[in-house]
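# Architecture and fold: a report
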Amino acid sequence: MGGDTNKAMWPAPSSAKYPQLASRPVGKQIHHIYRDRLGQFTSNGQYKQQSLLSKLYDARLSGEPHVKLSVWSAPGQTRPSFEEATKKSNEYRTARKGDAFGPSWTTHWFKLTFSLPHEWIYKPCVELHWDSNSEAMVWSEDGNPLQGLTGGGERNEWVIPKHFRDFDQEHTIYIEMACNGMFGNPSGGDTIQPPDPDRYFRLDEADLVVVNLEARALFYDFWIIGDAAREFPEDSWQEHQALQICNQIMDCFITGEGSRDCISECRDIAKKYLGEHIDSEKVYEHETSGVIVNAMGNCHIDTCWLWPWAETKRKVARSWSNQCDLLDRYPEHRFVASQAQQFKWLEKLYPYAWDRVKSHVKKGTFQTIGGSWVEHDTNMPSGESLVRQFLYGQRFFESRFGARCRTFWLPDTFGYSTQLPQLCRLAGMERFFTQKLSWNNINNFPHTTFNWVSLDGSQVICHMAPCETYTAEAHFGDVSRSVSQHKSMDQDATSLLPFGKGDGGGGPTFGMLEKLRRCRGLSNTVGLLPKVKIAETVDAFFDGIERKVATGETELVTWYGELYFELHRGTYTTQANNKRGNRKSEAMLHDIEYLATLATIQGDKKYAYPKKDLDTMWEDVLLCQFHDCLPGSAIEMCYRDSDEAYARVFKTGEKLLKGALGALGFEVDGKKDEKEMICDGGQKPIKGEKVTVQTLSWDRESLPCAATDAFSNISVASVKKLEDDAFELSNNDLRVVLKDGAITSLYDKRAKRELVPKGSTSNQLVIYDDKPLYWQAWDVELYHLRSRKELNPSNNSSSFISSSGPDEVAVTTHTRISEKSWIKTTVSLSAASTTGNKTSQVEVTAEVEWHETMKFLKVEFPTTITNTEASYETQFGIVRRPTHYNTSWDMAKFEVCCHKWADLSEHGYGISILNESKYGFATQGNVMRLSLLRAPKAPDAHADMGRHHMRWAILPHVGTVGEKTVRAGYEFNYPLRSFPHSDVKRIKNVMGAFKLSSDSDKSLVVDTVKRGEDDEDASNGDMPPREGRHVIVRVYDSLGGFSRGTVLFGPVKIARAWKCNILEDAGEEVEVEREGMEVELRAFEVASYKLELA
Ligand SMILES: [Zn+2]
């Protein structure tokens, strides 16, 4: 130390004199008391009239002469358009505040005429406050939808535009009141209970108000600083300072008696903590480095759930109109919306709102996202359905807004199929956003930002919002949880914060935007809270991560395979008829597209590809795959809608099938007898001029028909009654012993092995008590397995031989489930093939009358197979899951989703269970279990009640799971049809087109054959048609290994071919030969080819 330092140690005497004597005692604040006090200032309790809340409005008017109100009630449950509602003939009657309107689902149109007092004309903000405790929409007098209202104290304000504020003028608006809340009309205050049909809604507010903007601003200042006082750690100076600031604001307000001046003073105190710029978007310009939380406005609108599609159409208009208004008022605001279907509804029904949305899309403030038709379930739709969700979604966005989406946005679906990353990449999306796994009720998913990897190795960057919701209220806590719950901060600390009212729609409110400004102001000024901004785009957020990965700054963790959701496992089974509609529609569309493609190339010259009808069918099927529809978690009304949709699909589909077959020269009109037309399981001989219509890509052996001479290589099936009222069914391959409808022995004669463990019964019907913790339609819990009860016929005479060969033998059993419910099962065995190509299977057809309460019906197959893993068909592949409960992760998969089959194999041998409309399955040890029916009572009190038809089959096979199972699954779902044809040779040649050569690897499946989307003769006009005619062929490797094969062209002449993505953009050209095209696929690859016709 040098000599100079003495100066610093002895400061110069201060001019201010610190008082020598203490003036009064001062105590240390009791922290929690001064913190608890804050509630007085902004809450509705006993001090409301003395609090800030009493200062929010300077004036309020209601009733005549300033507000005149009349109403017209729409008949029944109709939802008339503006034009219909304002017809001169409609009688509008006087209405007033306090009146109640109903019942549930009715609509009431109000005509509201108002005039403002002179002194209000220059007030900075005048609002109409409307609260009918239900959803509503403000319309202009000339029929433009302006603003959606929520009701029940939420979003009840419409800012009266400046041009309405003139002297001595009356203005008229209309308000369309929907008698439902954001969450429909649940009874008894429990959201998921079935709708109360008789709910009435009271009109509580129809007022004009002058807003005290400074008081409103102080309300949000105080909210956020108060949160800092409550939520920051007590050992931080920021927490203590927040508490002091809040107490100073309250003291100042009390001293000034809530005057305008003192409110301004209070705001000045608040700005010491929040900074100067919190009243504008400028707050986000301060110190842009270190921003890690990217808020993004969104509003999750369930396309149906506790309300039907018809209401969703109005929700879309209400929600998005609100957002357009907020985008006008808040320059920083950004909003994303997904689901092409919802955009299409808006385009058709609300041209004014559509134009408003379009102009914001152009500005970049309203952003399209997701790239799919709806936010669909990903467990149950077929692979091709997933492809079409993207194809129809991306094409819609591109055709209307000039751009495709890069992020698959799916915050609220019940588990994620393992092939999604591959399909996303093939649909031009390399990013995926979701969050639902935060609902797992057993294990905590370990990542928030990671690479999610498909079966084939394809990857997408997946981000799961750390705030663990897609309906964040933009609270202080949402911002802080975006860091505290971020599990991938070793890799990247940034995150998305999707905020806005959701599920029933709504989206961000102005209050949320105000809160976010203050959160950021707080971070700028005192720090500690993570810095939040409103993201420019979701893509920009992902771009940031991608850049870091590209420069090697970070390396993302990987997650291979499905994102299994550890909840809502009942959704694989609930609403069985709806699921059956889905499966049957998918199969039907497959057949139509294949046959219609052939017909446009090789058929009647006048035949045109039925693109418009196919689009309508697909749009119906895709809509029904919405994540509350197909899973079975919607109200009864929604299933009436989906039943109608499937009925339309089947009706159009039958017409299209006939059209395509007719164009190919089949005589489809001759026979009306369906049985005659169908030959599956060899009920009817195929002879003479009849040709089997075979739409699958391999040579399919028609089951032998013993009565026909053409089949000499067959062995007949036989049946006999044994002692003890058991039956024996047998053919060359299998011997089945059946007692009371259950299989006591299943013996493989060739492999010489018994497949049913001694003392067990297979094809055993079992019933469980099924009361999940809360979400009835959604969940089944592990403990249901404790209530297992076998169903047995009440007496032995209920079984009888229903078919006695020689093509097929069958035994039918009638089993009583309860007083009201029964099941009739027919177990059948066909004559075995002696070619060795076809493995015998035991087939079961069931008819069920089901009237149970909270029960779960399954059918069980105990086996003599040993493995710790079972295999299940998933979209374009196989997913393997444990058969044991070693860890909590294994146990969580006690009920899983499968498609056409599940398989349990050991070295050298296995058993597959096939189905044609089921999705729920479980393999516990050596017991396989197919889930058949559930009986939840909420949100649909009548879910699954009534008659059901279903089929399943037991397929024992030599070797492990392989092409036998894959093909059997397809064949079980695509029954053969045969029709007369005048030129058998030619049509057989035509039907050979786009099938696999016999030397192709058996793992290959041609899943889809269709015409090119933009072909000049098959375009729907959404996108500009392109010259030329194309066939799209989609092939995949079904078994998980390198596969090579040849797709044959038959008589079709192909000029050139390209590998393409699922949006049909041509990529690399591939070589074509006269007879076909060689394909090479990596394990579980989905490959599409675009073939140009010569
Ligand atoms: Zn949802």
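In this report, the structure presented in the accompanying data block is examined. Just so we're clear, the structure is a prediction, and the values are computed from it rather than from any experiment. (Residues numbered from 1 in each chain as written. Predicted model: local features only at pLDDT ≥ 70, side-chain atom pairs only at ≥ 80, totals over all residues. Heavy atoms only, no water.)

## Topic: the coordination of the zinc ion
Only H300 (NE2), D302 (OD), D412 (OD) and H627 (NE2) from the protein reach the zinc ion as donors, at distances of 1.9 to 2.1 Å. Each of the 4 donor atoms around the zinc ion contributes to a set of angles spanning 87 to 163 degrees, which defines the coordination as irregular. Its relative accessible area of 2% is what places H300 among the buried residues. (Donors = N, O, S within 2.8 Å, 3.2 Å for Na, K, Ca; no water. Tetrahedral: all angles 85-135°; square planar, octahedral: opposite > 155°, others 65-115°. Buried < 20%, exposed > 50% of the residue type's maximum accessible area, 1.4 Å probe, protein only.)

## Brief notes about the environment of E1068
Relative to the assigned elements, E1068 resides in strand β51 (residues 1066–1070). Sequence-wise, E1068 and F432 are 636 residues apart; in three dimensions their C-alpha atoms are separated by 26 Å. (Helix = DSSP H or I, 4+ residues; strand = E, 2+ residues; numbered from the N terminus.)

## Focus: the pairing of strand β5 (residues 107–114)
For a regular strand, side chains alternate in direction, first toward one face of the sheet and then toward the other. Across the 8 residues that make up β5, a large majority, 7, are buried. With 7 bridges connecting them, strand β2 (residues 67–73) and β5 associate as antiparallel partners. Opposite V71, over in β5, you have F110 as the bridge partner. (Pairing = 2+ DSSP bridges.)

## A word on the pattern of salt bridges
All told, the structure shown has 84 salt bridges when counted by the stated rule. For E593, the salt bridge is made with R388, and the minimal N-O distance between the two is 2.7 Å. Here R388 lies in helix α11 (residues 383–401) and E593 lies in helix α16 (residues 576–602), a separation of 205 residues in the sequence. Each member of the pair, E593 together with R388, is buried. The partner of R1029 in a salt bridge is D1017, and the shortest N-O contact between them spans 3.4 Å. With R1029 in the loop between β47 (1004–1011) and β48 (1030–1037) and D1017 in the loop between β47 and β48, this pair connects stretches of sequence that are 12 residues apart. Here R1029 falls in the partly exposed class, since its relative accessible area comes to 29%. Overall, the relative accessible area of 33% leaves D1017 in the partly exposed class. Taken together, the shared-partner salt bridges connect R395, K611, D615, K1010, E1013, D1014, R1026 and E1064 into one network. (Salt bridge = Lys/Arg side-chain N within 4 Å of Asp/Glu carboxyl O.)

## A word on the packing of aromatic side chains
Counted under the stated rule, the structure contains 49 aromatic pairs. Between F396 and F397, the aromatic rings sit 6.2 Å apart at their centres with planes inclined by 80 degrees, giving edge-to-face as the arrangement. In this structure, F396 and F397 share a single accessibility class: buried. Through a chain of ring-to-ring contacts, three or more aromatic side chains come together here, namely W320, F335, F343, W354, F366, W373, Y392, F396, F397 and F401. K515 extends its terminal NZ or CZ atom over the ring of W223, reaching a point 4.1 Å from the ring centre. A cation sits over an aromatic face here: R951 above F972, 4.0 Å from the ring centre. (Phe/Tyr/Trp six-rings, centres within 6.5 Å; stacked < 30°, edge-to-face > 60°. Lys NZ or Arg CZ within 6 Å of the ring centre and 35° of its normal.)

## A closer look at the sheet that holds β48
One open sheet holds the 5 strands; their spatial order is β47-β48-β53-β50-β51, and the pairing between them is antiparallel. The sheet is open, and its two edges are formed by β47 and β51, each paired on a single side. Adjacent strand axes in the sheet meet at a mean angle of 30 degrees when their direction is disregarded. (Axes fitted to C-alpha atoms, helices over the stretch in contact; angles between N-to-C directions.)

## Some remarks on empty space enclosed by the protein
It is the rolling of a water-molecule-sized probe over the atoms that shows where space remains empty. Under the counting rule described, the total for this entry stands at 14 cavities of 30 Å³ or more. Within this model, the largest cavity holds a volume of roughly 270 Å³. Contributing to the lining of the largest cavity are 24 residues, with S382, E586, K900, Y974 and D1007 lying nearest its centre. Of all elements in the fold, only α11, α16, β38 (869–874), α21 (963–973) and β47 reach the threshold of two or more residues within the lining of the largest cavity. Of the residues forming the lining of the largest cavity, the biggest block, 6 residues, is contributed by α16. (1 Å grid on protein atoms, 1.4 Å probe; cavity = no way out; pocket = protein on both sides within 12 Å on 5 of 7 lines; lining within 4 Å. Points joined across faces, edges and corners; volume = space filled by probe spheres on them.)

## Notes on the packing of helix α17 (residues 611–624) against helix α18 (residues 636–663)
Helix packing for two helices is described by the angle between their axes and how far apart those axes are. Two elements in contact, α17 and α18, have axes whose closest approach is 10 Å; the angle formed by their N-to-C orientations is 150 degrees. Viewed along their axes, α17 and α18 adopt a mutual orientation that is roughly antiparallel. The two elements α17 and α18 meet at a crossing, and its hand is left-handed. Here D613, L614, M617, D620, V621 and C624 of α17 come into contact with α18, specifically with S642, A645, Y646, R648, V649, T652, G653, K655 and L656. Residues that form the contact of α17 with α18 fall into these classes: 8 nonpolar, 3 polar and 4 charged. (Parallel < 35°, antiparallel > 145°, perpendicular 65-115°, else oblique. Left-handed = near helix turned anticlockwise from the far one by under 90°. Contact = heavy atoms within 4.5 Å. Nonpolar A, V, L, I, M, F, W, Y, C, P; charged D, E, K, R; others polar.)

## Here we look at the packing of α16 against α18
α18 packs onto α16 with a crossing angle of 25 degrees between their chain directions and a minimal axis gap of 9 Å. When the axis of α16 is compared with that of α18, the two are roughly parallel. For the pair α16 and α18, the crossing hand works out as left-handed. Contacts between α16 and α18 involve N578, G581, N582, K584, S585, M588, D591, I592, L595, A596 and A599 from the first element and Y639, S642, Y646, V649, F650, G653, E654, L656, L657, A660, L661 and A663 from the second. Looking at the contact of α16 with α18 residue by residue, the class counts come to 14 nonpolar, 6 polar and 3 charged.

## With respect to the sheet that holds strand β32 (residues 799–804)
Pairing in this open sheet of 9 strands is antiparallel, and the strands run β32-β33-β34-β36-β45-β42-β41-β38-β39 from one edge to the other. Two strands in the sheet have a free side with no partner beyond their single neighbour: β32 and β39 (877–882). When strand polarity is set aside, the average angle formed by the axes of neighbouring strands in this sheet is 20 degrees. Here β38 pairs with β39 via 6 bridges, running antiparallel. What sits directly across from S871, in β39, is R880. Here α21 sits on the sheet in contact with β36 (842–850), β38, β41 (901–906), β42 (909–915) and β45 (946–958), set at roughly 155 degrees to β45.

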